[in-house]
Amino acid sequence: MSDFRYSTGPTRVVFGSHTLADVRPEVERLGRTRVLVLADPGLGTVGDRVREALGALAVGRFDGAVMHTPVAVTEQALALLREVGADCVVAVGGGSTTGLAKALAVRTGVDQVILPTTYAGSEVTPVLGETDGGTKTTRSSPDILPETVIYDVELSRGLPLGITVTSAVNAMAHAVEALYAPDTNPVTDRLALEAIERIARALRRVKADPADADIRADLLTGAWLAGTCLGSVGMGLHHKLCHTLGGTYGLPHSPTHAVVLPHALAYNAPYAKEAVRRIGEALGNPDAPAAIHDLLVETGAPTSLRELGLAEGDLAQAAELATAKPYPNPAPLTQEGLAGLLRAAWAGERPSLGGPPRLDWLTDQVVSTIAGPPRLRHLLGDLVRRLHGFAIDNDLTQAEWQAGVEFLTRTGQLCDDKRQEFVLLSDSLGVSSVVDALTNSRTPETTPSAVLGPFYVEGPPELEHGTDVADGLPGVPLYVEVTITSTDGSPLPGAVVDIWQSNEDGFYDVQLPDLEGPVLRGRFRADDGGRVRFWSILPSEYPIPADGTVGDMLAATGRHPYRAPHLHFMLAAEGHQRLITQLFVAGGKYLDSDAVFGVKQDLVVDFPAGTGTPPPGRRVTGEWRDLRFTFRIAPA
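Residues numbered from 1 in each chain as written. Predicted model: local features only at pLDDT ≥ 70, side-chain atom pairs only at ≥ 80, totals over all residues. Heavy atoms only, no water.

Let us now look at the overall build of the protein. Scanning the protein from terminus to terminus reveals 19 helices and 18 strands. Its C-alpha atoms give the protein principal-axis dimensions of roughly 115 × 55 × 50 Å. Looking at the protein as a whole, 50% of its 636 residues are labelled buried. For the protein, contacts bridging at least 24 residues in sequence account for 74% of all contacts bridging at least 6. Of the roughly 28600 Å² of accessible surface on the protein, a fraction of 53% belongs to carbon and sulfur atoms. (Helix = DSSP H or I, 4+ residues; strand = E, 2+ residues; numbered from the N terminus. Buried < 20%, exposed > 50% of the residue type's maximum accessible area, 1.4 Å probe, protein only. Contact = heavy atoms within 4.5 Å. Areas by Shrake-Rupley, 256 points an atom, 1.4 Å probe, with all protein chains shown as cover.)

Put into structure tokens, the structure is as follows:
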């Protein structure tokens, strides 16, 4: 158990499409009457729309926000705010405009309403980073937190792809560091994982359809959640490095975050294994640092500090500055270690945890070649993705692949008209039971189905009622009388009932070449009351064939080959669905560990001792059993 402290912020969030129209009601809700509009220099038209929506409440406008919130720029905006007597600022733009709004609020106490146009996430944090004299400092205070944030999906639909990607990865960085922060808690953990998953999912799609509203909503939601994490827990190495690089060397804010994140994550990975594992799950790739780097490559975003303008000669000083003051971080912070991290980020190297290479391109290439009917394309494409994923996730070796191919080859070679090793393999892996459940479990008012098994033979002999299908084979005599009805209980005369079972030693007739003709199997037709009657022998537990590949697999995995004792039935009636099922002997062995996972509790029934005079059809001198059961089958 971990102790933690968690406080929820008071910021009001308005989220949706075309919510810019809510800006005036939100200012009025705060009781403010004089607004200074802050707009990114490149968002003049959007600034005009905000001012128009505010109407007479807008008393001034400042379009001079700059990256890293220089104090000198803040002083210019502060002079204008005082000149117009503003009691509220409405900021529309990215992190720079949000930072300026916070800087004004912390100095004057004015309320803030923020309309983000990028995915920085800083709008929901009580954190302010300011630059003065080439040094960036960060402070946190409840006074910095904006009162209201209005997320309007429409404001980001036209955001250029480059800014989209880097600002979204900037937000992802907040979530990543929240997961290994020393003051993490269950709430921020869930928010962080959801943020990473949403942002990664959207970034994989945004290049193909940059104006899609759902993609943009995912990015905006992810940024909000990630920013909430940033405002709740402390950040570590990644944010310290980015503040150093931005404040000292003037590197662009979100591109710097994007480039550094995979390298900072790889640096911390050996000391935050569980957090990195969860990050990998959210990204859909266990090699989380490589996955983030690959996202940048796929979307055409920068991947090196060199292309952002950092000189190679500055790397040593940057590492020194980043280790000048201690701060919480999973991995030890050494100048040598950070110098290596920065050099790899400067060169644009692909960081990795040492896992397998990313092979999405190959999987996509294979799937793209699949044509044919839609259902075939879907099934085969999904199978290819899962097979490739299995090989990659398990780092499959050439020898293991070859062993698998040989196993399947031998399985096929064992199949003939009397033995179906592939069906047996499907049974023993539970696949047959899965397909059976998917196909037949949607009509709960019917008798449950069960797997067909490998020993059904088409066209069994038609037999008269009362026939002894055991034909003299040893075993405890069993009289069977079953009734076949529809789901409303009405009998189904003429229903066709195929039955088959093993002998007392566990062998089916097709496994015994010395037997003449079919034994312990047959086909009956229900009488006018929907009834079928025959004699047989009490089923016994038996091993499935273990002399082939399935037996080898069971032995290698420490599993027994036994099936619980049962009778097979296949029932068909005009206007009704066919039912394949089994009846299991209550109290029999292996009911809880059936080798093919075929036992269903509703199919475990009593085979009670017979009493009185046995029904005609077989001479009985000792113990015998009497099975009575009603099958309900569904209308077609």
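Our next topic: the sheet that holds strand E3 (residues 58–62). Judged by pairing direction, the sheet is parallel, and its six strands sit side by side in the order E1-E8-E5-E4-E2-E3 without closing on themselves. Edge strands, defined here as strands with exactly one partner in the open sheet, are strand E1 (12–16) and E3. Strand-to-strand twist in this sheet, taken as the mean axis angle between neighbours without regard to direction, amounts to 15°. With respect to the sheet, helix H3 (residues 71–84) is in contact with strand E2 (35–39), E3 and strand E4 (88–93), its orientation differing from that of E3 by roughly 165°. (Pairing = 2+ DSSP bridges. Axes fitted to C-alpha atoms, helices over the stretch in contact; angles between N-to-C directions.)

Right, let's talk about the packing of aromatic side chains for a bit. Going through the model one piece at a time under the given rule, you end up with 12 aromatic pairs. The interplanar angle of 85° and the centroid separation of 5.5 Å between the aromatic rings of Tyr508 and Tyr542 together place this pair among those described as edge-to-face. Residue Tyr508 is located in the loop between strand E10 (496–500) and strand E11 (521–525), and its partner Tyr542 is located in strand E13 (residues 542–543); the two are separated by 34 residues in the primary sequence. Summarising the burial analysis for this pair, Tyr508 and Tyr542 share the class buried. Judged by centre distance (5.8 Å) and plane angle (50°), the rings of Trp535 and Trp624 are tilted. (Phe/Tyr/Trp six-rings, centres within 6.5 Å; stacked < 30°, edge-to-face > 60°.)

This part takes up the environment of Glu464. Mapped onto the fold, Glu464 is located in the loop between helix H18 (431–440) and strand E9 (477–486). Separated by 69 residues in sequence, Glu464 and Arg533 place their C-alpha atoms 8.6 Å apart. When residues no more than four places from it in sequence are discounted, the contact partners of Glu464 are Phe524 and Arg533.

With that settled, the discussion passes to the pairing of E9. Each regular strand shows side chains that alternate between the opposite faces of the sheet. Counting buried residues along E9, 10 of its 10 residues qualify, which places the element largely inside the surrounding structure. Sheet topology places E9 next to strand E12 (residues 531–537); seven bridges connect them, and they run antiparallel. Opposite Tyr479, over in E12, you have Trp535 as the bridge partner. One ladder, built from nine bridges, connects E9 with strand E18 (residues 625–633); its direction is parallel. The residue of E18 that forms the bridge with Ile484 is Phe631.

This paragraph deals with the side chain of Arg419. For Arg419, the location among the structural elements is in the loop between helix H16 (398–413) and helix H17 (421–428). Accessibility expressed as a relative area gives 18% for Arg419, which makes it buried. Side-chain polar atoms of Arg419 contact the side chain of Asp547, separated by 2.8 Å. If near-sequence neighbours (up to four positions away) are discounted, Arg419 is found in contact with Leu414, Pro545, Asp547 and Gly548. (Polar contact = N/O pair within 3.5 Å; in protein donor to acceptor, adjacent residues only side chain to side chain.)

Before going further, it helps to examine unusual backbone geometry. Within the chain, His18 stands out as a residue other than glycine whose phi angle is a positive 65°. One non-glycine residue, Phe597, lies in positive phi territory at about 60°. Within the secondary structure, Phe597 is located in the loop between strand E16 (579–585) and strand E17 (604–605).

The next point concerns the pairing of E11. E11 sits mainly inside the fold: four of its five residues count as buried. As defined by bridge partners, E10 adjoins E11 across five bridges and the pair is classed as antiparallel. Across the sheet, the residue bridging to Val496 is Arg525, located in E11.

Attention shifts here to the nonpolar core. Ranked by internal contacts, the top residues of the largest apolar core, which has 72 residues, are Leu38, Leu104, Met172, Ile196, Leu203, Leu219 and Leu283. Broken down by element, the residue count for this core peaks at 10 residues, all from helix H5 (residues 161–179). Apart from residues no more than four positions distant in its own chain, Leu219 is found in contact with Tyr119, Thr164, Ala168, Ile199, Ala202, Leu203 and Val206. With 37 residues, the next largest nonpolar core counts Val469, Val497, Leu538 and Ile633 among its residues. (Core = buried A, V, L, I, M, F, W, Y, C linked by side-chain atoms within 4.5 Å.)

Attention now goes to the packing of H3 against helix H4 (residues 95–108). At a closest axis distance of 10 Å, the pairing of H3 and H4 adopts a crossing angle of 65°. The element H3 and its partner H4 pack so that their crossing is right-handed. Residue-level contacts link Val71, Thr74, Ala77, Leu78 and Leu81 of H3 to Leu100, Ala103, Leu104, Arg107 and Thr108 of H4. Residues of the contact of H3 with H4, tallied by class, amount to seven nonpolar, two polar and one charged. (Left-handed = near helix turned anticlockwise from the far one by under 90°. Nonpolar A, V, L, I, M, F, W, Y, C, P; charged D, E, K, R; others polar.)

We now examine the state of the cysteines. Counted according to the given criterion, the structure contains zero disulfides. Cys229 takes part in no disulfide bond, and the closest cysteine sulfur to it belongs to Cys242, at a distance of 17 Å. (Disulfide = S-S within 2.5 Å.)

Strand order in the open sheet formed by five strands is E11-E10-E15-E16-E17, and the pairing between neighbours is mixed. Where the open sheet ends on each side, the last strands, each with one partner, are E11 and E17. Bridge count between E16 and E17: two bridges; the pairing is parallel. Bridge pairing in E17 links Val585 to Val605.

Before going further, it helps to spend a moment on the pattern of salt bridges. Throughout the structure, instances matching the rule amount to 33 salt bridges. Across the salt bridge formed by Arg24 and Glu28, the nearest N and O atoms sit 3.0 Å from each other. Linking Arg24 with Glu28, this pair stays in helix H1 (residues 23–29), spanning four residues, or about one helical turn. Taking relative accessible area as the criterion, Glu28 reaches 43% and is therefore assigned partly exposed. (Salt bridge = Lys/Arg side-chain N within 4 Å of Asp/Glu carboxyl O.)

A few words now on helix H12 (residues 315–322). Residues Leu315, Ala318, Ala319 and Ala322 constitute the buried set of H12. An end-on view of H12 places all buried positions within 100° of arc, on one side of the element. Where H12 is buried, its residues touch helix H8 (237–249) and helix H13 (335–347). (Arc of directions from axis to C-beta.)

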